[in-house]
Amino acid sequence: MKSIQRRLSLGLVSVLLIVGLVLAQISLWLFEIGLQRYLESGLRNESESLLVALVRGPDGLELDEHRLSPGYLRPYSGHYFRVDLAQGHWRSRSLWDVELPYPGQPGLHADLALEKTNQSLLLLHTDYRKFGQTISITVAQDYTPVRDSFALVQRIGLGLGLMALVLILVLQRVTVRRALRPLDRAREQIFQLQQGQRSQLDDRVPVELEPLVAQINHLLAHTEDSLKRSRNALGNLGHALKTPLAVLMSLAEGDKLTEHPHVRATLRDQLQHIQQRLERELNRARLSGDALPGARFDCTAEVPGLLDTLRMIHGEHLDLRCEMAEGLFLPWDREDILELLGNVMDNACKWADSLVSLTITPAGEGYWLMIDDDGPGIPSQHRDEVLGRGNRLDEQVTGHGLGLGIVKDIVEAWGGQIQLLDSPMGGLQVRIDLPERHSPQLSASESVPPLT
């Protein structure tokens, strides 16, 4: 779909061209008519001067050449006349050997060509009565210089019109950009909303955007409230079921079922499945229950604290290392990233001999999170099994086997992928590929580019 600015520019150009051409054509037509009327006034004066130059002579009417304009005496001077009487006619010497076009009808006539010349004539034909007889006087003027000047004015006007059109388009582009700045700010605020830097859009916007912003804010509030109620309801349900599950687990471990070991084992297994499924669904509800994302994960600020906590838990004998770019932010909720890294790092610390390494790297349109340890690793044929909820290969190590299952839920909720690979350090490498969140490709400190 074309941008608003481009559509406005095309519409403005179309309107300006149509209106400009129509106005220019009408203006030029009116100007030419006015010019012809002005020249007609001069030709009428010349015609009346010729009428005055007709006097009585010994042989009848005569034309007094002393009263004629000098332009009528030079050949092809551009000023011509012809006087027609009943007994003959007079013609100006300027016509030389050509005949003046005869229009036939009285009035002003334009664009009449004179033979053997490139002159276009503006001609006035008038009938008079003098000395009891009809006299037809035709006067003409070369209209070519006027036409050439008129064409020059047209070209200059066209050039000025094009310059004005370009100037108007530039001003219109600047004006539209300024008018669309509130949309750019709204888009930047939506990006900040997705990054957890705000919870509502700023309602200080132009009048035209107020209904849209108000509706978005209302939708955000309604969605967040609905999801919070749903999450709270699921949490309440989970807590309500934990007590009955604990009672049933106690009964399954009690002495009453000693004589029924098969029933005890079956009951214990089914209750564990119920408990694990309950924790899994509650965790999924927590992941999908955030109406708005929380604060972004600041790697520089958060990772050192996480490593210190792991050292306190697993002892100072472990060498915990981290490799990442300075000032790196991950565009996901802080609590979710802490839970993800905490579970994987804790698992690595349990199995590592002396070294655990965390690497966070931007990769194309996403991020790589790699946790390596120098422990015994996991055979490739058992790696898929370990990612299942509650599965552990070594039951002697403390834990419930839920860590990697929780991590897998978080990664899949974000559309990512988790892999268990051989580490260059000799142990296990947990590689997590997280795609970039669908948002404008800019940081919070960058400005949003204008609409085009």
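Please refer to the structure placed before this passage.
Enquirer: Please explain the overall build of the chain as it appears in this structure.
Expert: Looking only at helices and strands, the chain has eight helices and 14 strands in total. Relative to its 452 residues, the chain shows a buried fraction of 35%. Long-range contacts, defined as pairs at least 24 residues apart, comprise 58% of the intrachain contacts of the chain with a sequence gap of at least 6.

Enquirer: Sorry if this is basic, but what is going on with the pattern of salt bridges here?
Expert: Any two side chains of opposite charge can pair if their charged atoms end up close together. By the definition in use, this model includes 12 salt bridges. Among the salt bridges present, the one from Arg187 reaches Asp184, with a minimum N-O distance of 4.0 Å. Pair noted here: Arg187 and Asp184 are both in helix H2 (residues 144-194), with a separation of three residues, about one helical turn. The class of Asp184 is buried, set by a relative accessible area of 9%. Between Lys350 and Asp346 there is a salt bridge whose closest N-O contact spans 3.4 Å.

Enquirer: Before we go on, may I ask you to explain empty space enclosed by the protein in this structure?
Expert: Here the idea is plain: a probe the size of a water molecule rolls over the atoms and shows the empty space left. Going through the model one piece at a time under the given rule, you end up with one cavity of 30 Å³ or more. If you add up the space inside the largest cavity, you get close to 30 Å³. Around the largest cavity, the lining residues are Val344, Asn347, Ala348, Ile371, Asp373, Leu428 and Val430. When residues of the lining of the largest cavity are traced back to their parent elements, those giving at least two are helix H6 (334-351), strand E12 (366-373) and strand E14 (428-435).

Enquirer: For this particular structure, what's the right way to read the nonpolar core?
Expert: Across soluble globular proteins, you tend to see nonpolar side chains buried next to one another. Grouped together as the largest cluster of nonpolar side chains are 40 residues, with contacts concentrated most on Leu330, Leu340, Leu341, Val356, Ile360, Leu369 and Ile432. Of all the elements in the fold, those that place two or more residues in this core are helix H5 (299-314), strand E10 (329-333), H6, strand E11 (355-363), E12, helix H8 (403-413), strand E13 (417-422) and E14. Looking at which element gives the most residues to this core, the answer is H6, with seven residues. Beyond its immediate chain neighbours, meaning those up to four positions away, Ile360 contacts Cys299, Val303, Glu323, Met324, Ala325, Leu328, Leu330, Trp368 and Leu369. Of all hydrophobic cores here, the second largest spans 20 residues; its members include Ala53, Leu63, Leu124 and Tyr128.

Enquirer: It is not clear to me how the packing of aromatic side chains should be interpreted in this structure. Could you clarify?
Expert: Note on aromatic pairs: each is described by the distance of the centres and the angle between the planes. Scanning all chains against the criterion turns up three aromatic pairs. Consider the rings of Tyr72 and Phe81, whose centres lie 4.9 Å apart with planes at 90°: the pair is edge-to-face. Both residues of the pair, Tyr72 and Phe81, belong to the buried class. Ring geometry for Trp332 against Tyr367: centres 5.8 Å apart, planes inclined by 75°, an arrangement best described as edge-to-face. Of the two residues, Trp332 sits in strand E10 while Tyr367 sits in strand E12, which places them 35 residues apart along the sequence. A cation over a ring is seen here: Arg431 above Trp368, with NZ or CZ 4.2 Å from the ring centre.

Enquirer: When you look at unusual backbone geometry in this model, what are you seeing that I'm missing?
Expert: Notably, Tyr76 is not glycine yet its phi reads approximately 50°, a positive angle. Here the phi dihedral of Trp96 falls at roughly 55°; this positive angle occurs in a residue that is not glycine. In this fold, Trp96 is placed in the loop between strand E4 (89-91) and strand E5 (107-113).

Definitions and limits used
- Residues numbered from 1 in each chain as written.
- Predicted model: local features only at pLDDT ≥ 70, side-chain atom pairs only at ≥ 80, totals over all residues.
- Heavy atoms only, no water.
- Helix = DSSP H or I, 4+ residues; strand = E, 2+ residues; numbered from the N terminus.
- Buried < 20%, exposed > 50% of the residue type's maximum accessible area, 1.4 Å probe, protein only.
- Contact = heavy atoms within 4.5 Å.
- Salt bridge = Lys/Arg side-chain N within 4 Å of Asp/Glu carboxyl O.
- 1 Å grid on protein atoms, 1.4 Å probe; cavity = no way out; pocket = protein on both sides within 12 Å on 5 of 7 lines; lining within 4 Å.
- Points joined across faces, edges and corners; volume = space filled by probe spheres on them.
- Core = buried A, V, L, I, M, F, W, Y, C linked by side-chain atoms within 4.5 Å.
- Phe/Tyr/Trp six-rings, centres within 6.5 Å; stacked < 30°, edge-to-face > 60°.
- Lys NZ or Arg CZ within 6 Å of the ring centre and 35° of its normal.

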